Amino acid sequence: MRRIILPLVIIVMLTACSSIDCPLNSAVATYYKLAGNITKLSDTLTISTTRNDGNDTVILNRATAVDSFSLPMSHAAARDTFYFEVKRVGGATTIDTVRIAKEDHPHFESIDCSPAVFHKINGVEYTHNALDSIVIKKTNVDYDYTKAHFHIYFKAAGN
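We now turn to the structure provided with this report. (Residues numbered from 1 in each chain as written. Predicted model: local features only at pLDDT ≥ 70, side-chain atom pairs only at ≥ 80, totals over all residues. Heavy atoms only, no water.)

## Re the nonpolar core
Across soluble globular proteins, nonpolar side chains have a tendency to be buried as a group. Counting 29 residues, the largest nonpolar core has Phe69, Phe84, Ile100 and Phe154 as its most contacted members. When contributions to this core are tallied by element, the ones reaching two or more residues are strand S1 (29-34), strand S2 (44-50), strand S4 (68-72), strand S5 (79-87), strand S6 (93-107), strand S7 (116-126), strand S8 (131-136) and strand S10 (150-154). Sort the elements by how many residues they give to this core and S7 lands first, with four residues. Setting aside anything within four residues of it in sequence, one finds phenylalanine 84 in contact with Tyr32, Leu45, Thr46, Ile47, Phe69, Leu71, Thr94, Ile95, Asp96, Val98, Ile152 and Phe154. (Core = buried A, V, L, I, M, F, W, Y, C linked by side-chain atoms within 4.5 Å. Buried < 20%, exposed > 50% of the residue type's maximum accessible area, 1.4 Å probe, protein only. Helix = DSSP H or I, 4+ residues; strand = E, 2+ residues; numbered from the N terminus. Contact = heavy atoms within 4.5 Å.)

Here's what the structure looks like:
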């Protein structure tokens, strides 16, 4: 038994010494938190964007009971555009356009880790169909998901 355990311990120690400290979660995205009078959206929310090749893509599809969500940021544009489609419980549908101005900053942990792109949010513009306001709370977008980058305020139905 001892002959089996000792080589196994040596193998585990050798592989542990050669591990690389790359981040486990290397996704970089913005985190939105609902705020104000509506902290949980009872309506249906769909968020889409236009990719670099010109095709539309849905990022968040028909979400209900939303109190927060995250959206990726592009690596190729100085401005990201998102389309927030809100389908109210009564059936009315509105679409808001959200434009986020940003700077991209390459980030390297190690030559052995996948590269990442961090961002600095410079501003946000949006239409006011279902959205009341969007407030920037944290400008640096990196691996940290503990704090919201944006507080988003939706209008009450009928407003």
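Structure shown, so let's carry the discussion forward.
## Re the environment of arginine 88
Its location among the elements puts arginine 88 in the loop between S5 and S6. Judged by relative accessible area, arginine 88 falls into the buried class, the value being 12%. As for arginine 88 and threonine 44, which are separated by 44 residues in sequence, their C-alpha atoms are 6.6 Å apart. There is a polar contact of 2.6 Å between the side chain of arginine 88 and the side chain of aspartate 43. (Polar contact = N/O pair within 3.5 Å; in protein donor to acceptor, adjacent residues only side chain to side chain.)

## Overview of the layout of surface pockets
Any empty space left between atoms is shown by rolling a water-sized probe over those atoms. Computed from the structure, the largest pocket encloses a volume of approximately 280 Å³. Forming the walls of the largest pocket are 16 residues, and the residues nearest its centre are Thr49, Thr50, Arg51, Ser74 and Asp80. Listed by contribution, the elements that provide at least two residues to the lining of the largest pocket are S2, strand S3 (56-63) and S5. A per-element tally of the lining of the largest pocket places S5 first, with five residues. Considering only residue class, the lining of the largest pocket consists of six nonpolar, seven polar and three charged. (1 Å grid on protein atoms, 1.4 Å probe; cavity = no way out; pocket = protein on both sides within 12 Å on 5 of 7 lines; lining within 4 Å. Points joined across faces, edges and corners; volume = space filled by probe spheres on them. Nonpolar A, V, L, I, M, F, W, Y, C, P; charged D, E, K, R; others polar.)

## Some points on the sheet that holds S8
Taken in spatial order, the four strands of this open sheet run S4-S1-S10-S8, and their pairing is mixed. In this open sheet, the two edge strands, each paired with only one partner strand, are S4 and S8. Sheet twist, expressed as the average angle between the axes of neighbouring strands with direction ignored, equals 25°. Looking at chain direction, S1 and S4 are connected through five bridges and run antiparallel. (Pairing = 2+ DSSP bridges. Axes fitted to C-alpha atoms, helices over the stretch in contact; angles between N-to-C directions.)

## Some remarks on the pattern of salt bridges
Counted under the stated rule, the structure contains seven salt bridges. Linking aspartate 53 and arginine 51 is a salt bridge whose minimum nitrogen-to-oxygen distance equals 3.4 Å. Since its relative accessible area comes to 52%, aspartate 53 is described here as exposed. Within this structure, Lys138, Asp142 and Asp144 form a network of salt bridges that share partners. (Salt bridge = Lys/Arg side-chain N within 4 Å of Asp/Glu carboxyl O.)

## Overview of the environment of isoleucine 134
If you trace the backbone, isoleucine 134 turns up in strand S8. Assessed through its relative accessible area of 6%, isoleucine 134 is described here as buried. A C-alpha to C-alpha distance of 9.8 Å links isoleucine 134 and lysine 33, two positions 101 residues apart in sequence. The contact partners of isoleucine 134, leaving out residues within four places of it in the chain, are Val98, Val124, Tyr126, Phe150, His151 and Ile152.

These values are about where atoms sit, not about what they do.
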